[in-house]
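Structural overview for review
Chain by chain, the residues:
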Amino acid sequence: MELLKILNILSFKIKNYKFISGGDINQTYCLDTDQGKMFLKYNLKSYYPNLFKCEYKGLKVIEESQTFKIPTIIECNEENHLQFLILKWIEKGTPQKKTWEIFGSKLAKMHCIPQPFYGFTEDNYLGTLVQKNPQCISWKDLYSNFRILPLAEKLFNDKKFNSKDLLSTEKFCNSINEIFPTENPSLLHGDLWSGNFIISNTQEIYFIDPAVYYGHREMDLGMSKLFGGFPPLFYESYNEVYPLEKGWIFRLPYTQLYPLMFHAYEFGGFYIDEVRNILKKFY
């Protein structure tokens, strides 16, 4: 059993373990150990090479920003054909009103930190998608050439896009400088929806499962609203610390285009319609 291969090489004693459902990519477990509860996830190295090394790097970069907490990283390693990541277990709590206010202000403070370029120091992952992160001097270069256009090509090759869709995608990319206000690049969580942070039972906010890069800050805001959104107080608090440029609400669909195109490629169906609805202005 793959799990036992990992458990047998750990330096701490495992009292018990329990499978946790809900992960689409990895096998996930809660470990009861002589050093406290821990969270384990593992996968085959051949499926998504360096997946957890990328996650480890992203978590550490967020931690170094001195804004959000991350779960304590116990071990990030490989064993034969397996890769795994072990984090300290975080007991979840029910978020209070004040917590959302703090959350918004912390994200704004993280976005305020100056970054040297668009992209990142290495490629990583958005879900199962390899996220290319070359160092770019403009948001248009990164977003069009290493986010939107490659996904459009994948959708076309998979027969989920037609030639009209490709043309509208190219027109959108040519308009990026007119759509997005010019701002300095920000450190982004990169996949900031409700499943990728934990509010603990002590009301601390922990970031998990990042897809970090240096990009336009509205990308995190768009992602936060893609699957239901956060309470209004979150956005109000953010705006007080780092005021958003006029029209950010109307630009949300264009920030959401990237994750929606990825979901369209992975799952098709409804997501294809959502992508086309955003691009219809450019037909």
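None of the values given here were measured: they were computed from a predicted structure.

Turning next to helix H8 (residues 232-241). Taken as a whole, H8 has its buried residues at Leu233, Phe234, Tyr235, Ser237 and Tyr238. On its buried face, H8 sits against helix H3 (97-112), helix H7 (218-224) and helix H9 (248-267).

Turning our attention to the nonpolar core. Generally speaking, a soluble globular protein has its nonpolar side chains buried in company with each other. In this structure, Phe103, Tyr143 and Phe172 are the most contacted members of the largest nonpolar core, which totals 71 residues. Residue contributions to this core peak at 9 residues, all from H9. Beyond its immediate stretch of four places on either side in the chain, Phe172 contacts Tyr143, Ile148, Ile179, Tyr254, Leu257, Leu279 and Phe282. Within the second largest apolar cluster, 14 residues are counted, among which are Leu10, Leu31, Met38 and Ile86.

On to the packing of aromatic side chains. Within this structure, the stated rule accounts for 34 aromatic pairs. Summarising the aromatic geometry, the rings of Phe234 and Tyr235 are spaced 4.8 Å apart at their centres and angled 85° between planes, so their arrangement reads as edge-to-face. The exposure class of Phe234 is buried, given its relative accessible area of 0%. Joined through ring pairs, the aromatic side chains of Phe68, Trp100, Phe103, Phe197, Phe207, Phe230, Phe234, Tyr235 and Trp248 make up one cluster. Between Arg147 and the ring centre of Tyr213, over which it is positioned, the NZ or CZ distance is 4.3 Å. Against the face of Tyr235 rests Lys225, its NZ or CZ located 4.2 Å from the ring centre.

A contiguous nonpolar surface patch, about 290 Å² in accessible area, is contributed by Met1, Leu4 and Tyr17. Looking at the secondary structure, you find Leu4 in helix H1 (residues 2-7). Overall, Leu4 belongs to the partly exposed group, its relative accessible area being 35%.

Relative to strand S5 (residues 82-88), strand S4 (residues 73-79) runs antiparallel, the two being bridged by 6 bridges. Counterpart to Cys76 in the pairing with S5 is Leu85. Here S4 folds back onto S5, and the loop between the two strands holds 2 residues, one of which, Asn80, carries a positive phi near 55°.

Here is what the cut-offs are and how they apply
Residues numbered from 1 in each chain as written. Predicted model: local features only at pLDDT ≥ 70, side-chain atom pairs only at ≥ 80, totals over all residues. Heavy atoms only, no water. Buried < 20%, exposed > 50% of the residue type's maximum accessible area, 1.4 Å probe, protein only. Helix = DSSP H or I, 4+ residues; strand = E, 2+ residues; numbered from the N terminus. Contact = heavy atoms within 4.5 Å. Core = buried A, V, L, I, M, F, W, Y, C linked by side-chain atoms within 4.5 Å. Phe/Tyr/Trp six-rings, centres within 6.5 Å; stacked < 30°, edge-to-face > 60°. Lys NZ or Arg CZ within 6 Å of the ring centre and 35° of its normal. Patch = residues over 30% accessible without salt bridge, like charges linked within 9 Å, V, L, I, M, F, W, Y side chains within 5 Å. Areas by Shrake-Rupley, 256 points an atom, 1.4 Å probe, with all protein chains shown as cover. Salt bridge = Lys/Arg side-chain N within 4 Å of Asp/Glu carboxyl O. Pairing = 2+ DSSP bridges.

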